[in-house]
Amino acid sequence: PFTRKNWRASSGINAEYGDSQQLKDAIFSGSVAYCELSSETNDAVCGGIIKPDIVMFGEKLSQDYLCTVSKDEGKCDLLIIMGTSLSVGPVNKIPTSVPSSTPRLLINMEKVCTDVSQYNNLSAPIFFFDHPDNLTDVFMGGDIDSSVRELVEMVGWDKELEELCKDVKNSETKSGN
């Protein structure tokens, strides 16, 4: 699976540990969160900035991520791409690395990568949503939350999504996030 990390976890730039609640509090107060000594685990102070466990612009993707992508791209039977301009590599290469017969669903506010003139690094369009011979590219416009809920309802997974959301909410309540 092609996945990115999320905002629910955090780590220090110089360490594995990062207090997600401390990061959240710092963001909402407009300040910067720094690693401190953990009273629970007595971990050493890393002294670095705490950041969400997501890939920020300009950061390299992990080797694990790159290996997963190259291993999975030939096995992909449906590629779902959500909320992106696809303007930054190497992630913007993923839609072209799956077999040409693989359906590709873009859930986004707007269509992207359909016009070469909009991108410096494209020699050809990636998506062909409006092409008369298109059999694989589907665009679902709108905000991601609503679109994913609509998609989930279409395939009959709404009860499973509700359960998953409850589980996530319960775990966040228990951890204080």
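Coordinates for the structure precede this section.
What this report covers is the structure whose coordinates are included nearby. No experiment lies behind these values; they were computed from the predicted model shown. (Residues numbered from 1 in each chain as written. Predicted model: local features only at pLDDT ≥ 70, side-chain atom pairs only at ≥ 80, totals over all residues. Heavy atoms only, no water.)

Side note on the packing of aromatic side chains
Aromatic ring pairs are defined here through the distance separating the ring centres and the angle between the ring planes. Under the defined criterion, the tally for this structure stands at two aromatic pairs. A network of ring pairs unites the aromatic residues F127, F129 and F139 as a single cluster. (Phe/Tyr/Trp six-rings, centres within 6.5 Å; stacked < 30°, edge-to-face > 60°.)

Comments concerning the sheet that holds strand β3 (residues 79-82)
Across the sheet, which stays open at both edges, the three strands sit in the order β3-β4-β5 with parallel pairing between neighbours. The open sheet has two edge strands, β3 and β5 (137-141), and neither has a second partner. In this sheet, neighbouring strand axes are inclined to one another by 15° on average, regardless of whether the strands run parallel or antiparallel. Relative to strand β4 (residues 104-108), β3 runs parallel, the two sharing four bridges. When the sheet's bridge partners are listed, I81 is paired in β4 with L106. (Pairing = 2+ DSSP bridges. Helix = DSSP H or I, 4+ residues; strand = E, 2+ residues; numbered from the N terminus. Axes fitted to C-alpha atoms, helices over the stretch in contact; angles between N-to-C directions.)

With respect to a nonpolar patch on the surface
Taken together, the side chains of L78, I80, M82 and I144 define a hydrophobic patch exposed on the protein surface, amounting to about 320 Å² of accessible area. Residue placement: I80 occurs in strand β3. Judged by relative accessible area, which is 37%, I80 ranks as partly exposed. (Patch = residues over 30% accessible without salt bridge, like charges linked within 9 Å, V, L, I, M, F, W, Y side chains within 5 Å. Areas by Shrake-Rupley, 256 points an atom, 1.4 Å probe, with all protein chains shown as cover. Salt bridge = Lys/Arg side-chain N within 4 Å of Asp/Glu carboxyl O. Buried < 20%, exposed > 50% of the residue type's maximum accessible area, 1.4 Å probe, protein only.)

Thoughts on the pattern of salt bridges
Opposite charge on two side chains allows them to pair when their charged atoms are near. Evaluation of the coordinates by the stated rule reveals three salt bridges. Residue K111 pairs with D130 through a salt bridge whose shortest N-O separation is 2.9 Å. Note that K111 is positioned in the loop between β4 and β5 and D130 in the loop between β4 and β5, a separation of 19 residues in sequence. Take D130: its relative accessible area is 64%, and that puts it in the exposed class.

Regarding helix α1 (residues 20-29)
Of the residues making up α1, those classed as buried are S20, L23 and A26. The buried residues of α1 occupy an angular sector of 125° when the element is viewed end-on, so they sit on one face. Of the exposed residues in α1, those oriented more than 90 degrees away from the buried face are F28 and S29. Phi turns positive one or two residues past the end of α1, at G30, with a value near 75°. (Arc of directions from axis to C-beta.)

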